[in-house]
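Geometric and topological summary
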Amino acid sequence: MSILKLPILGLITSLMLFISPMGQAEQKQTFANLDIHYIALNSTFLTPKIARAYKIKRSAYNGLINISVLDTNQVGNPGVEAKLTGTARNLLGNSITLAFREVKEGNAIYYLAEVPFRNEETFTFDIKVESQGKSNKLKFIQKFYVEDN
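The rules behind the values
Residues numbered from 1 in each chain as written. Predicted model: local features only at pLDDT ≥ 70, side-chain atom pairs only at ≥ 80, totals over all residues. Heavy atoms only, no water. Helix = DSSP H or I, 4+ residues; strand = E, 2+ residues; numbered from the N terminus. Buried < 20%, exposed > 50% of the residue type's maximum accessible area, 1.4 Å probe, protein only. Contact = heavy atoms within 4.5 Å. Areas by Shrake-Rupley, 256 points an atom, 1.4 Å probe, with all protein chains shown as cover. Salt bridge = Lys/Arg side-chain N within 4 Å of Asp/Glu carboxyl O. Lys, Arg positive; Asp, Glu negative; His and termini not counted. Polar contact = N/O pair within 3.5 Å; in protein donor to acceptor, adjacent residues only side chain to side chain. Core = buried A, V, L, I, M, F, W, Y, C linked by side-chain atoms within 4.5 Å.

Observations regarding the overall build of the protein
A count of helical and extended segments in the protein gives two helices and nine strands. Ordered by position from the N terminus, the helices and strands of the protein form the series α-β-β-α-β-β-β-β-β-β-β. The proportion of buried residues among the 149 residues of the protein is 46%. In the protein, of all internal contacts separated by at least 6 residues, the share reaching a separation of at least 24 is 62%. In the form shown here, the protein has an accessible surface area of approximately 8200 Å², with 53% of it arising from carbon and sulfur atoms.

Here it is in C-alpha coordinates:
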(Lines give C-alpha, C1' and ligand atoms only; values in the text may rest on other atoms or scores of the structure.)
Protein backbone atom coordinates (compact mmCIF):
# COMPACT_ATOMS: atom_id res chain seq x y z
CA MET A 1 0.00 0.00 0.00
CA SER A 2 1.33 3.41 -0.92
CA ILE A 3 1.85 5.89 1.89
CA LEU A 4 -0.25 8.42 0.00
CA LYS A 5 -3.21 6.02 -0.02
CA LEU A 6 -3.36 6.12 3.78
CA PRO A 7 -5.64 8.63 5.46
CA ILE A 8 -3.97 12.03 5.18
CA LEU A 9 -3.39 12.37 8.91
CA GLY A 10 -2.51 8.72 9.57
CA LEU A 11 0.99 9.21 10.91
CA ILE A 12 0.27 12.55 12.59
CA THR A 13 -2.76 11.16 14.39
CA SER A 14 -0.89 8.07 15.51
CA LEU A 15 2.02 10.07 16.88
CA MET A 16 0.06 12.92 18.42
CA LEU A 17 -2.10 10.53 20.41
CA PHE A 18 0.96 9.77 22.48
CA ILE A 19 1.97 13.30 23.37
CA SER A 20 -0.97 14.15 25.60
CA PRO A 21 -1.13 10.93 27.64
CA MET A 22 2.58 11.19 28.42
CA GLY A 23 2.12 14.74 29.64
CA GLN A 24 4.87 16.10 27.41
CA ALA A 25 5.05 19.76 26.53
CA GLU A 26 5.17 20.76 22.91
CA GLN A 27 8.51 19.71 21.52
CA LYS A 28 9.75 22.30 19.08
CA GLN A 29 12.57 24.69 18.47
CA THR A 30 12.20 27.94 16.55
CA PHE A 31 14.86 29.30 14.21
CA ALA A 32 13.89 32.60 12.53
CA ASN A 33 10.81 31.70 10.42
CA LEU A 34 11.12 27.92 10.91
CA ASP A 35 9.44 25.90 13.64
CA ILE A 36 11.04 22.48 13.94
CA HIS A 37 8.75 20.03 15.70
CA TYR A 38 10.11 16.72 16.94
CA ILE A 39 9.09 13.63 18.84
CA ALA A 40 11.01 10.52 19.82
CA LEU A 41 9.08 7.46 20.94
CA ASN A 42 9.09 3.69 21.06
CA SER A 43 7.97 2.22 17.73
CA THR A 44 5.49 -0.05 19.57
CA PHE A 45 3.32 3.05 20.10
CA LEU A 46 2.43 2.78 16.41
CA THR A 47 -0.19 0.29 15.34
CA PRO A 48 1.14 -2.64 13.28
CA LYS A 49 -0.76 -1.29 10.26
CA ILE A 50 0.82 2.17 10.46
CA ALA A 51 4.30 0.69 11.08
CA ARG A 52 3.96 -1.55 8.00
CA ALA A 53 2.68 1.29 5.83
CA TYR A 54 5.64 3.50 6.72
CA LYS A 55 8.15 0.63 6.71
CA ILE A 56 9.04 1.18 10.36
CA LYS A 57 10.45 -1.72 12.35
CA ARG A 58 7.96 -2.14 15.18
CA SER A 59 9.90 -3.54 18.14
CA ALA A 60 10.16 -2.99 21.89
CA TYR A 61 13.82 -2.10 21.20
CA ASN A 62 13.34 0.32 18.31
CA GLY A 63 12.76 4.06 18.66
CA LEU A 64 11.26 6.39 16.08
CA ILE A 65 12.26 10.01 15.54
CA ASN A 66 9.72 12.19 13.69
CA ILE A 67 10.65 15.74 12.68
CA SER A 68 8.68 18.31 10.74
CA VAL A 69 9.84 21.73 9.57
CA LEU A 70 7.19 24.44 9.30
CA ASP A 71 7.45 27.88 7.71
CA THR A 72 5.84 30.41 10.08
CA ASN A 73 6.05 33.20 7.46
CA GLN A 74 3.48 31.47 5.25
CA VAL A 75 -0.25 31.32 5.87
CA GLY A 76 -1.12 28.10 7.69
CA ASN A 77 2.54 27.39 8.59
CA PRO A 78 3.00 24.73 5.89
CA GLY A 79 5.60 22.01 6.05
CA VAL A 80 8.72 22.69 4.01
CA GLU A 81 11.32 20.38 2.55
CA ALA A 82 14.58 19.97 4.41
CA LYS A 83 17.72 17.89 4.48
CA LEU A 84 18.34 16.26 7.85
CA THR A 85 21.53 14.60 9.02
CA GLY A 86 22.51 13.70 12.53
CA THR A 87 23.53 11.33 15.25
CA ALA A 88 22.18 9.79 18.42
CA ARG A 89 24.82 9.38 21.15
CA ASN A 90 24.21 7.34 24.30
CA LEU A 91 25.71 8.04 27.74
CA LEU A 92 28.63 5.69 27.03
CA GLY A 93 29.55 7.81 24.00
CA ASN A 94 28.42 5.25 21.42
CA SER A 95 27.07 7.06 18.38
CA ILE A 96 24.54 6.02 15.75
CA THR A 97 24.22 7.86 12.45
CA LEU A 98 20.57 8.64 11.80
CA ALA A 99 19.17 7.83 8.36
CA PHE A 100 16.26 10.20 7.78
CA ARG A 101 13.72 9.58 5.08
CA GLU A 102 11.09 11.98 3.85
CA VAL A 103 7.40 11.15 4.02
CA LYS A 104 4.79 13.34 2.35
CA GLU A 105 1.13 13.11 3.35
CA GLY A 106 -0.92 15.65 1.48
CA ASN A 107 0.61 19.01 2.40
CA ALA A 108 2.47 17.60 5.41
CA ILE A 109 6.13 16.61 5.24
CA TYR A 110 7.82 14.43 7.87
CA TYR A 111 11.34 13.17 8.35
CA LEU A 112 11.62 9.78 10.03
CA ALA A 113 14.62 7.96 11.47
CA GLU A 114 14.87 4.86 13.61
CA VAL A 115 17.23 4.20 16.50
CA PRO A 116 17.75 0.86 18.28
CA PHE A 117 17.98 1.06 22.07
CA ARG A 118 18.18 -0.90 25.32
CA ASN A 119 15.84 -0.38 28.26
CA GLU A 120 16.30 3.00 29.95
CA GLU A 121 18.91 4.09 27.42
CA THR A 122 19.34 7.85 27.08
CA PHE A 123 20.40 9.47 23.81
CA THR A 124 21.49 12.97 22.94
CA PHE A 125 20.30 13.79 19.44
CA ASP A 126 22.33 16.27 17.37
CA ILE A 127 20.57 16.98 14.10
CA LYS A 128 21.47 19.41 11.33
CA VAL A 129 18.40 20.79 9.56
CA GLU A 130 19.01 22.50 6.22
CA SER A 131 16.01 24.28 4.73
CA GLN A 132 15.37 27.43 2.69
CA GLY A 133 19.11 28.07 2.35
CA LYS A 134 19.68 28.04 6.11
CA SER A 135 21.33 25.50 8.38
CA ASN A 136 20.15 24.99 11.97
CA LYS A 137 21.16 22.64 14.77
CA LEU A 138 18.44 20.76 16.62
CA LYS A 139 19.56 19.14 19.88
CA PHE A 140 17.49 17.19 22.39
CA ILE A 141 17.75 14.33 24.87
CA GLN A 142 15.41 11.34 25.04
CA LYS A 143 15.31 8.33 27.35
CA PHE A 144 13.74 5.19 25.87
CA TYR A 145 12.02 2.42 27.79
CA VAL A 146 11.20 -1.11 26.68
CA GLU A 147 7.42 -1.47 26.70
CA ASP A 148 6.04 -4.59 28.39
CA ASN A 149 3.41 -6.22 26.21
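Concerning the pattern of salt bridges
Here the structure, examined in full by the defined rule, presents five salt bridges. As a salt-bridge pair, Asp-35 and Lys-28 come within 3.3 Å of each other at their nearest N and O atoms. Taking the shortest distance from any N to any O, the salt bridge between Asp-126 and Arg-89 comes out at 3.4 Å. In this pair, Asp-126 is assigned in strand S8 (residues 121–131) and Arg-89 in strand S4 (residues 83–90), connecting sequence segments 37 residues apart. One connected set of salt bridges, linked through shared partners, spans Glu-81, Glu-102 and Lys-104.

Regarding the side chain of Asp-71
Position of Asp-71 relative to the elements: it lies in strand S3 (residues 62–71). In this structure Asp-71 is buried but unpaired, with Lys-134 as the nearest side chain of opposite charge at 7.6 Å. There is a polar contact of 2.8 Å between the side chain of Asp-71 and the side chain of Gln-132. With sequence-adjacent residues up to four places away left out, Asp-71 is seen in contact with Asn-33, Leu-34, Asn-77, Pro-78, Val-80 and Gln-132.

Things to note about the nonpolar core
Within the largest apolar cluster, 28 residues are counted, with the highest numbers of intra-cluster contacts made by Ile-65, Ile-67, Phe-100, Phe-125 and Ile-127. For this core, the secondary-structure elements that each account for two or more residues are strand S2 (34–42), S3, S4, strand S7 (108–116), S8 and strand S9 (134–144). Those residues in contact with Phe-125 that lie beyond four places of it in its chain are Ile-65, Thr-87, Ala-88, Leu-98, Val-115, Leu-138, Lys-139, Phe-140, Gln-142 and Phe-144. The next biggest cluster of nonpolar side chains, apart from the first, holds 10 residues, and it includes Leu-46, Ala-51, Ala-53 and Tyr-54.

Spatial relationships are all this shows, so hold off on functional conclusions.
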